[in-house]
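A closer look at the structure
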Amino acid sequence: MKNSSMNMTQGSIIKNLAGFAVPVLIGNIFQQMYNIVDTAIIGNVLGDDALASIGAAAPVYALMINLTEGITNGFSVIIARFFGAGDKQTMRRSVSLTYILSAMIAVVLTLISVIALNPLLHLLKTPEKIIGDTRRYMMIILLAVVVTVTYNMLAGMMRAVGNSRVPLYFLMVSSFVNIGLDILFVKGFSMGVAGAAYATVISQGISVILCFIYCIKKCPELIFGIKELACDKPLLLELINTGFALGLMEAIVYVGSIIMQGAVNSFGTATIAAHTSARKINDVFTLPLGTIAMATSTFASQNYGAGKSDRVKKEYAMVFLSHLRGVRLH
């Protein structure tokens, strides 16, 4: 597999955006389709109570995913800027700090989420008949937060250098593995909701391993040495400010979802199961906006780093006009 990095500081703006955004959109749709299949397997094999036990705390998991994805995407914005500027040394330094910050975030989030899980499940009014399965499923997922953070970090760094295709390929592999393990663990080994959690963690772990191998062999710009580990306080603060700003922006919506989930849980397991299924379908229709945001931020960061502010202005004008046309059509 060749290095698929894309320098978006040159060439057609439309081709750059489309070439980057289309694989991201396909990957996101693919992941949501997998989630729907995953929901169908659990619902059909284990029944509504099992599906409800996973859905009862789904916004908590979504909050964790979007928070970590937003933070690591914020880190990748800084990396993309130095990539666009051709400053490989500072870029590798930002990569090294991204690894360190991501590891710290994974540890802190794991500790906080595990400690807060039981009180949160009661606060969400999780029905007693499913709270045991919900706790079991979420504990496995939360103890493996480091895997989720690592994948988001590696995928974000690859996208920072314009490589949106390889994360798609690895996501597809991970999704097929996840579905296969779901069937094996849930139906074959009768492991219940714990089997579904282990399937998710293992498949994510495989995607992390594939990303590491690819970066080592094909993305030397994302590999750092001892000299790049030197503490750069201004760069560190910039990574923290940008990462946590995007992370909070991504996560804030799911705070409301958690509050709403508490109301849904009060109606019982049948309502929770129905709400879980509907949420999976609804998520598919929110993908294009997130994809556009990711593509425009990477394009803008690379071109800003290269000192090509005119291309950034043209890009935002094109995106704004396309949104206006969409509004008029509706």
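Conventions and cut-offs
Residues numbered from 1 in each chain as written. Predicted model: local features only at pLDDT ≥ 70, side-chain atom pairs only at ≥ 80, totals over all residues. Heavy atoms only, no water. Helix = DSSP H or I, 4+ residues; strand = E, 2+ residues; numbered from the N terminus. Buried < 20%, exposed > 50% of the residue type's maximum accessible area, 1.4 Å probe, protein only. Polar contact = N/O pair within 3.5 Å; in protein donor to acceptor, adjacent residues only side chain to side chain. Core = buried A, V, L, I, M, F, W, Y, C linked by side-chain atoms within 4.5 Å. Contact = heavy atoms within 4.5 Å. Axes fitted to C-alpha atoms, helices over the stretch in contact; angles between N-to-C directions. Parallel < 35°, antiparallel > 145°, perpendicular 65-115°, else oblique. Left-handed = near helix turned anticlockwise from the far one by under 90°. Nonpolar A, V, L, I, M, F, W, Y, C, P; charged D, E, K, R; others polar. pLDDT = per-residue confidence, 0-100. Salt bridge = Lys/Arg side-chain N within 4 Å of Asp/Glu carboxyl O. Phe/Tyr/Trp six-rings, centres within 6.5 Å; stacked < 30°, edge-to-face > 60°. Lys NZ or Arg CZ within 6 Å of the ring centre and 35° of its normal.

When you line up the elements, Ser-12 lands in the segment before α1 (13-46). On the accessibility criterion, Ser-12 (34% relative accessible area) is partly exposed. Each C-alpha atom of the pair Ser-12 and Arg-311 lies 9.7 Å from the other, and the pair is 299 residues apart in sequence. A distance of 3.3 Å separates the side chain of Ser-12 from the backbone nitrogen of Lys-15, its partner in a polar contact.

Turning to the nonpolar core, a few remarks are in order. Counting 62 residues, the largest nonpolar core has Tyr-137, Leu-154, Met-157 and Leu-222 as its most contacted members. Looking at this core, the elements that each hand over two or more residues are α2 (48-55), α3 (58-85), α4 (88-123), α5 (128-143), α6 (145-160), α7 (165-188), α8 (192-218) and α9 (233-265). Those residues in contact with Met-157 that sit more than four places away from it in its chain are Ser-76, Ile-79, Val-95, Thr-98, Tyr-99 and Leu-222. Judged by nonpolar contacts, the second largest core, of ten residues, contains Met-8, Leu-17, Phe-20 and Val-24.

Turning our eyes to something else, we now look at the packing of α3 against α9. At a minimum axis distance of 7 Å, the contact between α3 and α9 shows a crossing angle of 155°. The orientation of α3 relative to α9 falls into the category roughly antiparallel. Of the two possible hands of crossing, α3 and α9 adopt the one that is right-handed. Counted by class, the contact of α3 with α9 contains 19 nonpolar, nine polar and three charged residues.

A low pLDDT means the predicted coordinates there should not be read in detail. When pLDDT is averaged across the chain, the result is 86; 93% of the residues are at 70 or more. In the model, residues 326-330 has pLDDT below 50 throughout and makes zero contacts with residues more than four positions away in sequence or in other chains.

A word on the pattern of salt bridges. Taken as a whole, this structure holds four salt bridges when the rule is applied. With its nearest N and O atoms 3.4 Å apart, the salt bridge here joins Asp-49 to Lys-129. With Asp-49 in helix α2 and Lys-129 in helix α5, this pair connects stretches of sequence that are 80 residues apart. The salt bridge involving Arg-136 is made with Asp-133; its shortest N-O contact spans 2.4 Å. Of this pair, Arg-136 and Asp-133 both sit in helix α5, three residues apart, which is roughly one turn of that helix. The exposure class of Asp-133 is partly exposed, given its relative accessible area of 29%.

This part is about the side chain of Asn-303. Its location among the elements puts Asn-303 in helix α11 (residues 287-305). For Asn-303, a relative accessible area of 0% puts it in the buried group. Not counting the four nearest positions on each side in its chain, Asn-303 is found in contact with Met-8, Thr-9, Lys-308, Arg-311 and Val-312.

Next up on the list: the packing of aromatic side chains. For the structure on display, the rule yields three aromatic pairs. Ring geometry for Phe-170 against Tyr-214: centres 6.2 Å apart, planes inclined by 75°, an arrangement best described as edge-to-face. With a gap of 44 residues between them, Phe-170 in helix α7 and Tyr-214 in helix α8 connect regions that are remote in the sequence. Of the two residues, Phe-170 and Tyr-214, neither departs from the other in class, the shared state being buried. In this structure, Arg-81 packs its charged tip against the face of Phe-82, placed 4.8 Å from the ring centre.

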